[in-house]
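Overview (structure and organization)
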Amino acid sequence: MKIHDKEFEIFIAHEELQEKIAITAAEINMDYHDKEVHFISILNGAFMFSADLFKNITVPCYMHFLKVRSYEGTQSSGAVSNIIGLTDSMEHKHVIILEDIVDTGATMQHVYREIAKLNPASIKVASLLLKPDAYGGDIKINYLCYSIPNKFVLGYGLDYDGLGRNLKDIYQLKS
Ligand code: 5GP
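Scoring rules and cut-offs
- Residues numbered from 1 in each chain as written.
- Predicted model: local features only at pLDDT ≥ 70, side-chain atom pairs only at ≥ 80, totals over all residues.
- Heavy atoms only, no water.
- Helix = DSSP H or I, 4+ residues; strand = E, 2+ residues; numbered from the N terminus.
- Expected span 1.5 Å × (residues − 1).
- Buried < 20%, exposed > 50% of the residue type's maximum accessible area, 1.4 Å probe, protein only.
- Arc of directions from axis to C-beta.
- Polar contact = N/O pair within 3.5 Å; in protein donor to acceptor, adjacent residues only side chain to side chain.
- Contact = heavy atoms within 4.5 Å.
- Phe/Tyr/Trp six-rings, centres within 6.5 Å; stacked < 30°, edge-to-face > 60°.
- Lys NZ or Arg CZ within 6 Å of the ring centre and 35° of its normal.
- Pairing = 2+ DSSP bridges.

To continue, consider helix H1 (residues 14-31). Its 18 residues place the ends of H1 26 Å apart at the C-alpha level, agreeing with the 26 Å of an ideal helix rising 1.5 Å per residue. Burial in H1 covers these residues: His14, Leu17, Ile21, Thr24, Ala25, Ile28 and Asn29. The buried residues of H1 all sit within an arc of 145° when viewed along its axis, so they share a single face. Opposite the buried face of H1, at more than 90 degrees from it, the exposed residues are Glu15, Glu19, Ile23 and Met30.

The following block contains the structure:
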């Protein structure tokens, strides 16, 4: 499949994603069985993962959104800027940050530090994908659906210069 100038091939099918996300949600339901959870979804990419995970959560839960940007084309730029911030207080709340993909870890590190300043009761991280070969951060990814090779992916919320977010499956750049 061609998006802009690049060829992509199917990598993880929608049904498989749904099964894995349900398993991750079950872990969260177990760990937070006596708590309320405040999810903070990192826009844009995490919106589909956040929605599907959220539908499987059975403990009392809230969803918040934070918009950041660090990618240009198919390369992580390393510089992260907040575009839309949080409007609700996170003080003494149990927070789970939701990311679509952790690549170099710069975005996660930035968001984690910003949220830590808000004095929450706890912070954990859930990510759909992690590229362990690119990850240089020290923040633990507490809930992870897939570790993937260091190749550009798109679909299921993830884009290539704006396109591809609507795809139900995850695709990988053809080598
Ligand atoms: P990091 O700051 O960890 O290098 O990159 C994290 C952000 O870059 C993610 O939230 C995501 O938006 C974007 N990103 C990282 N890797 C990929 C990728 O393979 N494909 C796409 N579409 N976006 C990526």
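After that view, the rundown keeps rolling.
What follows deals with the environment of threonine 87. For threonine 87, the position within the fold is in the loop between strand S5 (75-84) and strand S6 (94-102). Judged by its relative accessible area of 77%, threonine 87 is exposed.

Once that is clear, we can look at the side chain of histidine 38. Relative to the elements of secondary structure, histidine 38 occurs in strand S3 (residues 37-43). Within the structure, the side chain of histidine 38 is placed 2.9 Å from the side chain of histidine 64, a separation counted as a polar contact. Setting aside residues up to four positions removed in sequence, histidine 38 forms contacts with Tyr62, His64, Met90, Lys93, His94, Val95 and Ile96.

With that settled, the discussion passes to the packing of aromatic side chains. Describing an aromatic ring pair means giving the distance of the ring centres and the angle of the ring planes. Under the defined criterion, the tally for this structure stands at 4 aromatic pairs. Judged by centre distance (6.0 Å) and plane angle (90°), the ring pair of phenylalanine 39 and phenylalanine 54 falls under edge-to-face. Taken as a pair, phenylalanine 39 in strand S3 and phenylalanine 54 in helix H2 (residues 47-55) lie far apart in primary sequence, 15 residues in all. Each residue in the set Phe8, Phe152 and Tyr160 is aromatic and connected to the rest through ring pairs, giving one cluster. The ring of tyrosine 146 has lysine 20 lying over it, and the distance from NZ or CZ to the ring centre is 5.1 Å.

This next bit is on the pairing of strand S2 (residues 6-12). Here strand S1 (residues 2-3) runs beside S2; their pairing, made up of 2 bridges, is antiparallel. Counted as the bridge partner of lysine 2 is glutamate 7 from S2. Counting the residues between successive antiparallel strands, the hairpin from S1 to S2 contains 2 residues, one of them, histidine 4, with a positive phi of roughly 50°. Direction of pairing for S2 relative to strand S10 (residues 170-173): antiparallel, over a ladder of 4 bridges. If you follow isoleucine 12 over to S10, its bridge partner there is isoleucine 170.

A few words on the sheet that holds strand S9 (residues 153-154). Reading across the sheet, the 4 strands line up as S1-S2-S10-S9 and stay open at both edges, with antiparallel pairing between neighbours. Two strands in the sheet have a free side with no partner beyond their single neighbour: S1 and S9.

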